[in-house]
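Secondary and tertiary structure notes
Chain by chain, the residues:
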Amino acid sequence: MIEWLTDPLAHGITLRALTEIAILGAVGGAVGCWVVLYEISYSAESLAHGMFPGLVGAALLGLPLLMGGAIGIVLAGLVIAVIGRLTPDSDDTAIAVVVTTLFGLGVLLALSPDSPPGIQALLFGDPLGVKDSDLVVTGLIAAAVLAVLWLFHDRLLAIGFDPSAAGPGGISPALVRALLLTLVAVTVLVGVQGLGNLLVAAILVGPAAAARVLTDRMSTMISLSVGIALVSGIAGLYLSFHARVAAGAAVVSCLLVAYLAAATFAALRDRIRRRSLPPGLPTRPEGARS
Amino acid sequence: MDAFSLPFVQRGLIEILLLAIPCGLIGTWIVLRGLAFHSHAIGTATFPGLVLADGIGFSAALGAFGAALGFTLLATLIGRSKRTGTDSVTALALAACLAVGVILASDVFSSGANVDTLLFGSLLAIDSGDLWLAAGAAVLALAASFVFGHHWLAKGFDPGAADRMRSGSTAFDAALLTVVAVTVVATLGAVGALLVSTLVVVPAATARLFASRLGSLQIASVLLVAIEGAFGLWLSAQTDAPPGATIAVVSGAVFLAGLGFRALTRRSGMKPAILAAALLALAGIAAGCGSTGSGGDGPKVVATTTQVGDFVSQVGGDEVDLTVILKPNTDPHEYEPRPSDVKAVADADIVFRSGGHLDDWTSDLISDSGSEAEVVDLSEGLPVQLHGEDEHEHGHEDEHAHEEHADEGEHEDGEEIDPHWWQDPVNVRFATGRIESALADRNPGQATYYQGRARRFDNQIGNLITGIKACLRKVPADSRKIVTDHDAFGYFTNRFGIETVGTVIPALTTEAQPSAGDLAELEETIKREKVKAVFPESSVSPALSEAVARDTGASTDYSLYGDTLGPEGSAGETWLGSMKSNADAMVKGMTGGSQSCFGGASD
Amino acid sequence: MTEAVVIAAHAGLGYEGRTVLRGLEFEIPAGSRVGILGPNGGGKTTLFRALLGEITPLTGQLEVTVSTATVAQTDRSRLDYPVSALDVATMGSLARLPWWKKPGRAERERARQALGEVGLSDLAGRRFGDLSGGQRQRVLIARALTADADLLLMDEPFTGLDTTNENRLEELIDHLAASGRTVMIATHEVEQAERWDLVLCLNGEQISFGDPAVAISKPVLEATYGGHIVEIPGQPQLGVLPAHHHGEGH
C-alpha cells in the first residue's frame with residue numbers, strides 16, 4: 001500500500017508532473033473561481049488558440065516563442081474585453097469572433113516559408129514533459145497571478161456582483177474585467193505549456209464549478225476549489241501511473257468525478273434541508289438561476 | 001473570376017452556398033441564445049466519435065454526429081445542477097468528451113493520423129457526401145426554424161416566462177440543440193473543428209450589429225455566410241492559401257469593420273461609402289498578393305510526401321514537372337490542402353502516393369479534384385512489409401516470410417501495414433523501379449534518361465546499405481538498442497538488426513498522450529538495458545523525449561528524420577541524406593558519441 | 001435653508017450629441033427627500049447617470065457637491081452570487097479606497113454599522129440571495145452608506161414591496177434625511193411622490209420642480225405622462241398607469 005503511494009515519487013517524470021500540477025492546480029483553482037463567477041469559461045478553453053499569430057510572429061521576427069505567445073494571448077484577452085463591451089450579445093460571441101479570426105490569421109502567417117514546422121505544438125505541453133526550469137517559471141508566474149488576485153479580490157467580487165457598484169471614486173468595471181481576462185490569459189499560457197490545452201480548460205473550470213455548488217462564500221469557494229484541484233490532480237497522476245491511462249485525460253477524469261460528486265452531494269443536501277424546514281418557508285429564493 | 005472555373009472550387013462554392021442556409025439561420029439562434037461556446041464545443045467534442053469511427057470502421061460523419069449528440073446530452077445532464085453556469089457546464093462536458101477521445105486514441109485504438117485529418121476539413125476537398133450532408137442540414141434548419149422559430153424567440157426573449165408557460169419548452173430546446181449539432185457536423189467537412197465558429201457565429205454576430213428584426217437578421221446572416229464564404233474561397237484560390245483560414249480572417253475583418261462602422265456612425269455620422277471603399281481596398285490588397293507558377297518539362301507528376309518527392313526527382317530529373325504536396329518538416333497529421341495542391345492533382349498525369357494512413361487524404365483529393373491521373377501507390381507490392389507495432393517491437397528474424405506473403409500488396413483485415421516503408425532501402429530500390437516504369441510509360445521518349453538516373457540512384461542505395469551496415473559494426477551487438485518518439489523506424493531497425501526497446505508516444509495522432517505508468521516503465525527499461533540515447537523525431541515536439549532522457553541520463557542530442565525529410569540545406573534534405581544522418585545519429589547515440597558514420601552526417 | 005448639494009443650471013443631458021433631457025433648473029438642499037416623477041424614457045435614468053458622474057452635461061451645468069451612490073433595483077442583482085449581506089455592505093468602501101488598498105477591519109466595522117443603521121444587524125452573515133426583496137434593498141442602502149455617500153439615488157425602490165416593507169423603507173428614508181443625507185427617489189406613483197419634501201417632474205425636459213403641493217397639478221401630470229394618465233374612479237388622487245412598468249423581467 002505504501003509502495004503504491006511512493007512508487008510514482010521515485011520517478012523524476014512523475015515527481016515533476018506532480019509538482020507542476022500542484023502549482024497550476026493552486027493558481028488554476030483560484031483563477032477558475034473568477035472564471036466561473038464571471039461566466040467566461042469559453043475564454044479559458046479557447047484563448048490558447050488565439051496566441052497562434054503571436055507565436056508565428058515571434059518565430060518570423062526571431063523573438064523567443066514564449067514571448068510571442070504571451071503577447072498574442074494577452075492581446076487576445078484584451079481585444080475580447082473591448083469587443084465584449086461594444087457588442088449587444090454575451091462575451092461568448094466576442095470570444096468566438098476573436099479566437100477564430102486570430103487562429104485563421106495564425107494559419108495564414110504560418111504558410112510563410114520562414115515559419116518553423118509544427119510551431120503550435122511547441123507550446124502545447126504534456127504534464128509528463130515538464131522541465132525543472134519550467135517549474136521555476138510556472139512557480140513565479142503563479143505567485144504573481146495569485147498576488148494580483150489577492151490584491152483585487154474585493155474589487156473583482158464587487159464588480160462581478162454589480163458593475164455599477166464601483167461608484168465615481170472606484171476603479172472602472174471595464175478595467176477590472178480586462179484585468180481578469182489578462183490573468184486568465186497568463187494562466188492559460190503557462191498552463192498549456194505545462195499541461196496541454198485540454199487539462200488547462202478542465203483545471204480552470206472543474207474545481208471552481210465543484211466548489212461553487214458546495215458553498216455560498218467566495219473565500220470558502222476559493223479554498224475548496226484549490227483543494228479540489230490539488231487532490232484531483234494528484235489522484236489523476238496516480239491513476240495514470242498505476243492504471244496506465246493517458247496522463248492529461250486521467251487528471252481530467254478525476255476533476256470531472258470531483259465535480260459530479262460535489263453536485264450530487266449538494267443536490268442531496270438541498271433536498272434534506274428543504275424537508276427539515278417548516279412548510280411555507282422558501283428555502284431558495286425564487287429564480288436563483290433560470 | 002477565373003478561379004471559379006476549376007471544378008473543385010465550384011464544388012467548394014456549392015458547399016458553402018448550401019451551408020449558408022443552416023449556418024445563417026441557426027447562427028442567428030446561436031447568437032441570440034448565447035450558444036456560441038456550445039456550438040464551438042460541439043465541433044471539438046466530435047473527437048471521440050471520430051476516433052471510434054476510425055477504430056471500429058464506420059462513417060466519420062456518423063461518429064461525429066453521435067459524439068455531438070452525446071456531448072449535448074452530457075451538457076444537459078450536468079446543466080441540471082442549477083448553480084453551475086451554462087458556460088461552465090459546456091466546458092465540463094467538453095473536457096469529458098475530449099478526455100474520452102484521448103483515452104480511446106492513446107490507450108484503446110492507437111489511432112493513426114487519419115483521425116486528425118478529419119478534424120481539419122477543407123472546402124477544397126468536398127465530396128458528394130459532404131454536399132448531401134450540407135443540403136440535409138439546410139432542409140432541416142429551414143423546417144425547424146419554420147416550426148419552432150417563434151418558440152425559440154420567446155424563450156430567448158424571456159426564459160422565465162417561456163418556462164412558466166411550459167408549452168413543451170424542453171422539447172423546443174432539444175430541437176434547437178439537435179439542429180445546432182447537425183449544422184456544426186455539416187460544417188466540419190468544410191472548415192474543420194477549430195473554425196466552426198467562423199461560419200456559425202461570426203456572420204450572425206456581424207448581422208446582429210445592424211439588423212434589429214429577427215427576419216432581417218436571419219436573411220442578413222445567410223447572405224453574409226454566402227458572401228464571406230464565396231469571397232474567402234475566391235481569395236484563397238487567388239493567394240493559394242487554405243480556404244478555411246482565409247474565410248476566418250475575412251469574416252473577422254468584416255465583423256471588426258462593422259463594429260468600427262457602427263461606433264463611428266453613432267459618434268460622427270461617417271458615410272457607409274467610406275467603409276465600403278476601405279473593404280474593397282483590403283480585398284484588392286489581399287488579391288494582389290496572389291501568384292502561382294511552376295515550370296519544368298515532361299509529364300506532370302504529383303508526389304504526396306517529401307520522401308516520394310525525392311524518389312521521383314532522383315529518377316525523373318529535369319524530365320518531369322514535379323509538385324510535392326507536403327512541405328519539408330510539416331506534420332502530415334495537420335495537413336490542410338491549398339488550392340495549388342488541388343490544382344496540381346487535378347492537372348496531374350501521375351500521382352505517386354506513399355500509401356497507408358500517412359497520405360490517406362490523397363484519395364479524397366484525387367476524386368474531389370476530378371483528376372484523371374494514374375495513381376501509383378508505392379506501398380503496394382513492396383518486398384518488405386511489416387505489420388502493426390506489436391510485432392516489430394520484438395524484432396524480425398524471419399524477414400523472408402514477409403517477403404513471400406507480401407506479393408499481393410494487400411493485407412489481412414484489421415491489420416494495418418506500417419506505412420514507413422522507405423526506412424528500409426530495399427523497399428526504396430523496388431519503389432524506384434516502379435517510378436521509373438510509370439514515368440517511361442507516360443513519356444517513352446525519355447525512357448533511357450529515366451533508366452540511367454534510376455540505375456545511378458540504385459547504385460547509391462546499394463552503397464548506402466553497405467555503408468550503414470559497416471558503420472553499425474562499430475557498435476557492440478548488445479548496445480544496438482534505441483528508444484524513439486513514435487514508431488516510425490520499424491523498417492530501419494528491422495533491416496539493420498537494431499532493437500527498438502520502446503517508444504515515447506503511444507499512438508500516431510497528435511492528440512495522443514502517454515500515461516505516467518508507461519513512461520516510468522520505459523525509464524526502467526532504458527536503465528536496465530543501458531540504452532544511451534532517446535531519439536526525438538525532427539517534426540515532433542521533443543518535450544517528452546527530453547524528459548525521459550533527463551531522468552535516465554540518456555542523450556537526446558541526436559534527432560532522426562521520421563515522417564518527413566528536412567528543409568533545404570539540412571542534412572536530411574534528400575532521402576539519402578536523411579538515411580545517412582539517421583544512421584550517424586543512431587550510432588553516435590548508441591556509443592555515447594564515440595563513433596559516427598559517413599563523417600558525422602547528422603551534424 | 002442648508003446649502004445645496006445638487007445645482008442644475010440650464011442643464012441638458014444626453015448621449016453622443018443627442019439630448020434626451022433638457023431644461024434642468026433646480027437646487028436641492030442637503031437633507032431633503034426628492035421624488036422624481038416621469039414616464040419610462042422620460043430621462044430619470046439619464047439624470048441618475050449624470051449625478052453619478054458617468055456622463056457630463058451637454059449644455060449648462062450640473063453640479064454635485066457631495067459623493068453619490070446608487071441603490072439599484074434588487075431584481076437586477078445576481079441572487080446566486082456567493083456573498084453575504086456584510087460582504088455586499090463592505091463593497092461600498094471600494095468607492096473611496098485607492099485601488100491598491102483592500103478593505104480592512106475598519107471598513108468591515110463601518111459596513112456592520114451601516115447594516116445596523118438599516119436594521120439588519122442580525123442578518124449580516126446571511127447569503128444575499130437568501131434575503132427577502134425588502135431586506136436585499138436595505139443591504140444595498142447599507143452599501144451606499146458604507147461608501148460615505150451623502151446623496152443616495154434610488155431607482156423605483158418601492159416596486160414589489162409589501163406594505164410592511166414599504167413602511168419600513170419610508171421610515172429608513174426619513175431617518176437618512178434626518179441624518180443629513182439627501183435621497184432622490186425615482187417613482188411612478190404620484191401618491192408616493194407627494195410624500196417627499198420636493199418633487200421633480202421629467203418628460204424629456206423639466207416639467208416642474210418644487211414642493212409637491214405646488215409642483216404637482218393636473219396639467220403638470222398631463223405634461224409629464226402624456227396620454228398615459230387616467231383618473232381612477234372613486235379615488236380622489238390621480239393614478240398613473242405606466243405603459244410598461246419595467247423594460248425587462250416580465
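Every chain's residues receive numbers from 1 upward, in the order its sequence appears when written. Chains carry letters from A onward and ligands carry numbers from 1 onward, assigned in written order. For this predicted model, a pLDDT threshold of at least 70 governs which residues receive local features, and a threshold of 80 or more governs which side-chain atom pairs are given and counted, while totals over whole chains, interfaces and linings are taken from all residues.

Details of the overall build of chain B
Along its length, chain B carries 25 helices and seven strands. Counting other C-beta atoms within 10 Å of each residue's C-beta, where C-beta atoms are placed from the backbone, gives the exposure class: buried for 20 or more, exposed for 12 or fewer, partly exposed between. Looking at the 603 residues of chain B, the share that counts as buried comes to 58%. By the criteria applied, helices consist of DSSP H or I runs no shorter than four residues and strands consist of E runs no shorter than two, each listed in order from the N terminus.

A closer look at the overall build of chain A
Counting its regular elements, chain A contains twelve helices and zero strands. Listing the helices and strands of chain A from first to last along the sequence gives α-α-α-α-α-α-α-α-α-α-α-α. Put simply, chain A has 290 residues, and 59% of those count as buried. Contact criterion: two residues are in contact if their C-beta atoms, reconstructed from the backbone, are within 7 Å. The contacts in chain A between residues at least 6 apart in sequence include a share of 73% that link residues at least 24 apart.

Remarks on the interface of chain B and chain A
Taken together, the contact pairs 66 residues of chain B with 70 residues of chain A. A total of 14 residues in the side of chain B that touches chain A trace back to one element, the largest contributor, which is helix 5 (residues 86–108) of chain B. As a working rule, the residues Ala, Val, Leu, Ile, Met, Phe, Trp, Tyr, Cys and Pro are called nonpolar, Asp, Glu, Lys and Arg charged, and the rest polar, with Gly in that last group. Broken down by class, the residue content of the side of chain B that touches chain A amounts to 34 nonpolar, 21 polar and eleven charged.

Quick word on the domain arrangement of chain B
Reports of interface size often rely on the accessible area that becomes lost once the parts have come together. Looking at chain B, the domain boundaries give domain 1 (2–288), domain 2 (300–379 + 419–463) and domain 3 (475–590). Between the C-alpha centres of domain 2 of chain B and domain 3 of chain B there is a distance of 27 Å. Where each domain begins and ends is defined by an automated method or by a domain database.

What about the confidence of the model for chain A?
Low pLDDT marks regions whose predicted coordinates should not be analysed in detail. Looking at chain A, pLDDT values average 84 and 89% of them are 70 or higher. Here residues 280–290 of chain A is modelled with pLDDT under 50, and outside its nearest four sequence neighbours on either side it reaches 18 contacts, counting other chains as well. Every residue gets a pLDDT, meaning the predictor's confidence in that residue, from 0 to 100.

Digging into the pairing of strand 2 (residues 321–324) of chain B
Residues and elements named next belong to chain B. Two strands qualify as a pair provided DSSP detects at least 2 bridges between them. Where strand 1 (residues 300–303) meets strand 2, four bridges bridge the pair, whose relative direction is parallel. Its bridge partner being in strand 2, Ala 303 is matched across the sheet by Val 324. Whether a crossover is right-handed comes down to one check: with the strands pointing away from the viewer, does the path from the first strand over the helix to the second run clockwise; if it does, it is right-handed. Each parallel crossover has a hand, and for strand 1 linked through helix 15 (residues 306–316) to strand 2 it is right-handed.

Details of the packing of helix 1 (residues 7–32) of chain B against helix 12 (residues 214–239) of chain B
Residue and element names in this part refer to chain B. Look at helix 1 against helix 12: their axes get within 8 Å of each other, and the N-to-C directions meet at 150 degrees. With respect to helix 12, the element helix 1 is oriented roughly antiparallel. In this structure, the crossing between helix 1 and helix 12 has a hand that is right-handed. Looking at the contact of helix 1 with helix 12 residue by residue, the class counts come to 17 nonpolar, seven polar and no charged. The angle between two axes is taken between their N-to-C directions and runs from 0 to 180 degrees, where each axis is a line fitted to C-alpha atoms and a helix contributes only its stretch in contact. Here is the rule for angles: anything less than 35 degrees is roughly parallel, anything more than 145 is roughly antiparallel, 65 through 115 is roughly perpendicular, and the remaining ranges are oblique. The sense of a crossing depends on the near helix, which, turned anticlockwise from the far helix by less than a right angle, makes the crossing left-handed and, turned clockwise, makes it right-handed.

Description of the nonpolar core
Val35(A), Val184(A), Val205(A), Leu92(B) and Ala95(B) are the most contacted members of the largest nonpolar core, which totals 356 residues. Excluding its chain neighbours within four sequence positions, the residues that come into contact with Val35(A) are Ile40(A), Ser41(A), Ala44(A), Val184(A), Leu204(A), Val205(A) and Ala208(A). Think of a nonpolar core as buried Ala, Val, Leu, Ile, Met, Phe, Trp, Tyr and Cys residues, each tied to the set through C-beta atoms within 7 Å.

What about the sheet that holds strand 2 (residues 18–29) of chain C?
Residue and element names in this part refer to chain C. Read across the open sheet, the three strands follow the order 2-1-4; overall the sheet is antiparallel. A strand with exactly one partner marks an edge of an open sheet, and here the two such strands are strand 2 and strand 4 (59–64). Each strand of the sheet is rotated relative to its neighbour by a mean of 20 degrees, with strand direction disregarded. The pairing of strand 1 (residues 4–15) with strand 2 spans eight bridges and is classified as antiparallel.

Some thoughts on the sheet that holds strand 2 of chain B
Residue and element names in this part refer to chain B. Strand order in the open sheet made by the four strands is 2-1-3-4, with parallel pairing throughout. Of all the strands in the sheet, the pair left with one neighbour each is strand 2 and strand 4 (374–377). Strand-to-strand twist across the sheet, computed as the mean angle between neighbouring axes with direction ignored, equals 20 degrees. Taken together, the three bridges between strand 1 and strand 3 (residues 350–353) define a ladder with parallel strand orientation. When the sheet's bridge partners are listed, Ala 303 is paired in strand 3 with Phe 352. Sheet strands in contact with helix 15 are strand 1, strand 2 and strand 3, and its direction is about 165 degrees off that of strand 2.

Examining the confidence of the model for chain B
Residue-level pLDDT values for chain B average 80, and 82% of them are 70 or greater. Confidence drops under pLDDT 50 across residues 389–414 of chain B; counting only partners more than four residues distant or on other chains, this segment forms 22 contacts.

Comments concerning the pairing of strand 9 (residues 206–210) of chain C
All names here are of chain C. With four of five residues buried, strand 9 is to be regarded as a mostly interior element. Across four bridges, strand 8 (residues 198–202) lies against strand 9 in antiparallel orientation. Looking at the pairing, Leu 200 lines up with Phe 209 of strand 9.

Overview of helix 2 (residues 36–45) of chain B
Among the ten residues that make up helix 2 of chain B, ten are buried, leaving the element largely enclosed by the rest of the structure. Along helix 2 of chain B, the residues that are buried comprise Ala36(B), Phe37(B), His38(B), Ser39(B), His40(B), Ala41(B), Ile42(B), Gly43(B), Thr44(B) and Ala45(B).

Quick look at the environment of Ser223(A)
Along the polypeptide, Ser223(A) turns up in helix 11 (residues 218–243). Separated by 190 residues in sequence, Ser223(A) and Cys33(A) have C-alpha atoms that sit 9.8 Å apart.

A short note on unusual backbone geometry
Residue and element names in this part refer to chain A. Positive phi is not limited to glycine here, since Glu 39 has a value of about 55 degrees. Within the element layout of this structure, Glu 39 appears in the loop between helix 2 (12–37) and helix 3 (41–50). A residue is classified by how many C-beta atoms lie within 10 Å of it, and Glu 39, with 18 of them, is partly exposed.

Things to note about the packing of helix 2 of chain A against helix 8 (residues 132–161) of chain A
All names here are of chain A. Remark: helix 2 packs on helix 8, axes separated minimally by 10 Å, with the N-to-C direction vectors making an angle of 20 degrees. Taken together, the axes of helix 2 and helix 8 lie roughly parallel to each other. Helix 2 and helix 8 meet at a crossing whose hand is left-handed. Of the residues in helix 8, those in contact with Arg 16, Thr 19, Glu 20, Ile 23, Leu 24, Ala 26, Val 27, Ala 30, Val 31, Trp 34 and Leu 37 of helix 2 are Asp 134, Leu 135, Thr 138, Gly 139, Ala 142, Val 145, Leu 146, Leu 149, Leu 156 and Gly 160.

Digging into the environment of His175(C)
One can find His175(C) in helix 5 (residues 163–178). For the pair His175(C) and Pro212(C), spaced 37 residues apart in sequence, the C-alpha to C-alpha distance is 20 Å.

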